[in-house]
Amino acid sequence: MNIIDFTIFIILTAGVVVFGCSFFRKGASSEEFTSAGKSLPGWLVGMSIFATYVSSISYIGYPGKAFASDWNAFVFSLSIPIASFFAARYFVPFYRRHGSVSAYAFLEERFGKWARLYASACYLLTQIARMGSILYLLAVPMYILMGWNIHVVIIVTSLAIILYSMLGGIKAVIWTDAIQGFILIGGALLCLGVLMFSMPEGPLQTFTLAIHSPEGNKFSLGAFTADLTSSTFWVCLIYGVFINLQNYGIDQNYVQRYHTAKDDRAARFSALFGGWLAIPVSAVFFLIGTALYSYYTVYPDLLPAEITAKPDYVFPYFIVNGLPVGLRGILIASIFAAGMSTVATSITSSSTVILTDYWSAFHSKGRGEETEDEAARDGRHVRVLQASSVIVGLLGIIVALAMLQVKSIIDAWWTLSSIFSGGMLGLFLLGYAVRRASKWPAVIGVIAGVAVIAWISFAGLLNLPGPHLHEYLAIVLGTMVIFLVGFLLSSVGRKKSE
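To start, this report covers the structure provided alongside it.

Rules used throughout
Residues numbered from 1 in each chain as written. Predicted model: local features only at pLDDT ≥ 70, side-chain atom pairs only at ≥ 80, totals over all residues. Heavy atoms only, no water. 1 Å grid on protein atoms, 1.4 Å probe; cavity = no way out; pocket = protein on both sides within 12 Å on 5 of 7 lines; lining within 4 Å. Points joined across faces, edges and corners; volume = space filled by probe spheres on them. Helix = DSSP H or I, 4+ residues; strand = E, 2+ residues; numbered from the N terminus. Nonpolar A, V, L, I, M, F, W, Y, C, P; charged D, E, K, R; others polar. Phe/Tyr/Trp six-rings, centres within 6.5 Å; stacked < 30°, edge-to-face > 60°. Buried < 20%, exposed > 50% of the residue type's maximum accessible area, 1.4 Å probe, protein only. Lys NZ or Arg CZ within 6 Å of the ring centre and 35° of its normal. Salt bridge = Lys/Arg side-chain N within 4 Å of Asp/Glu carboxyl O. Axes fitted to C-alpha atoms, helices over the stretch in contact; angles between N-to-C directions. Parallel < 35°, antiparallel > 145°, perpendicular 65-115°, else oblique. Left-handed = near helix turned anticlockwise from the far one by under 90°. Contact = heavy atoms within 4.5 Å.

**Looking at empty space enclosed by the protein**
Piece 1. All chains considered together, the criterion is met by two cavities of 30 Å³ or more.
Piece 2. Its boundaries defined by the atoms lining it, the largest cavity holds a volume of some 270 Å³.
Piece 3. Along the walls of the largest cavity sit 20 residues, with F76, R130, I243, N247 and W413 positioned nearest its centre.
Piece 4. Of all elements in the fold, only α4 (56-68), α8 (113-146), α11 (233-250) and α19 (409-420) reach the threshold of two or more residues within the lining of the largest cavity.
Piece 5. Of the residues belonging to the lining of the largest cavity, the class tally is 11 nonpolar, seven polar and two charged.
Piece 6. When its volume is computed, the second largest cavity comes out at roughly 40 Å³.
Piece 7. Those elements giving two or more residues to the lining of the second largest cavity turn out to be α1 (3-21), α9 (150-196) and α16 (327-362).
Piece 8. The element best represented in the lining of the second largest cavity is α16, accounting for four residues.
Piece 9. A class-by-class count of the residues in the lining of the second largest cavity yields seven nonpolar, two polar and no charged.

See below:
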């Protein structure tokens, strides 16, 4: 690695870590750690929401997906404004009125403690899987670039992220998210420009080769058929709507950010701003993947066969071998910025869930914290948050090391998120929209929904009889079953009581 690239990378990456640690304040309260004192402007929170969405999965996985196939996965991004609209209109005012920084306290009020624990457990599993996917993608460019041991890169990077997440809390995470967001957008645009203007016949050749590819139009958004067994346009769109509604509606990452905004107007703006910004930036990443396809079609000798077989490695390989000195360091720092912001968010939000939904629920009463001095209680809560950050970060490292055998990180992550979500959006909508819904209809609905998710996820793997639907539909049908079963049983129960 050129000394100039290495210097740029170290300055940008270390600068973010030091900046995040600078938010450490001795004696800071747990409220400051989890909601930043509800003092942040809307644009800053919105930039943080955007940076959380655009992780290393987007930065490396999207170009890899577009290089190997087409723009079908981009349909997922097109669904984000739908979710952000509902968030700004309904979810943000609801959560800010409710007051609890936990996204799952409402479920306990509606259905009992089991509902809160179920949803928070699903959330923690999803976040640990997400951290593992991102940490793996953070290590790939350094492995290709410098031959560093990929296990060591994962561990060292994780420890740096854990450090500033643990010390600075949500305020440090949001401010570093915003800075990293600007870095990753700038890096992506610069790389796209280099790719497009490296074509011998000019930028338009990128589009010509991609449209007339022997494998079909590389800009295709997928088949517009009713086939539910493959990733068609409609399957990807419906999956995106449900996943993003879950993100904006019941994901602690997002809900916690709504509470950090200085007022309701700023919180609503943050949801809309972060959602709409994700579409053009996602398009840039997919266009990078398509441009890589055209570039290596013109220059096939520049891409080794072993890299072609691993699409997620193609973009990092181009960064290392195709970019000029200086820009290479910026791009590697951009990938790290994208991943670090998302992992830091997952660590902070997960530690908040552990404190509010587990520690406070099971430990406070036994230790008499309700009668304890407020300062002592708050100090203990901060220590719980910091210890939880370390534990969650270490679990993310374990998952990242397990991800080394995965071929496509996008497919792996989307499948895991669909399974681990457990249809908790359906449970939230049942409590939010159906006032007469009670505990047992909700319990039966969750059992039915989990059974559907398990069937869709494992029917093909275990060669079970019956229709084998695409794995992306697990969250869609699981959510619908939980809501509909709970709704119907609540309706029947009401008629009987009358």
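From this point, the narrative continues.
**What to know about the packing of aromatic side chains**
Piece 1. Following the criterion strictly, the structure yields 29 aromatic pairs and no others.
Piece 2. A ring pair is formed by Y95 and F428, whose centres lie 6.0 Å apart and whose planes are at 15 degrees; its orientation type is stacked. Of the two residues, Y95 is situated in helix α6 (residues 80-98) and F428 in helix α20 (residues 424-433); the sequence distance between them amounts to 333 residues. Comparing Y95 with F428 shows no difference in burial state: the two are buried.
Piece 3. Through a chain of ring-to-ring contacts, the aromatic side chains of Y62, W71, F74, F207, F219 and F286 assemble into a single cluster.
Piece 4. One residue, K218, lies across the ring of Y293, its end atom 4.5 Å from the ring centre.

**Quick look at the pattern of salt bridges**
Piece 1. Per the stated rule, a full pass over the model turns up seven salt bridges.
Piece 2. For the salt bridge of R257 with D177, the shortest nitrogen-to-oxygen distance reads 2.8 Å. Taken together, the positions of R257 in helix α12 (residues 252-260) and D177 in helix α9 put the pair 80 residues apart, joining distant regions of the chain.
Piece 3. In this structure R257 comes out as buried when scored by relative accessible area, which is 1%.
Piece 4. The exposure class assigned to D177 is buried, which follows from its relative accessible area of 0%.
Piece 5. The network of salt bridges with common partners includes E108, K113, R116 and D357.

**Here's the deal with the packing of helix α3 (residues 42-53) against helix α13 (residues 264-298)**
Piece 1. Where α3 meets α13, the axes come as close as 7 Å, and the angle between the chain directions of the two elements is 40 degrees. Taken as axis vectors, α3 and α13 run oblique relative to one another. Once α3 is placed against α13, the crossing between them reads as right-handed. Every residue of α13 that contacts α3 at G42, W43, V45, G46, M47, I49, F50 and Y53 is listed here: A266, F269, S270, A271, F273, G274, L277, A278, V281 and S282.
Piece 2. Taken together, the residues of the contact of α3 with α13 break down into 13 nonpolar, five polar and no charged.

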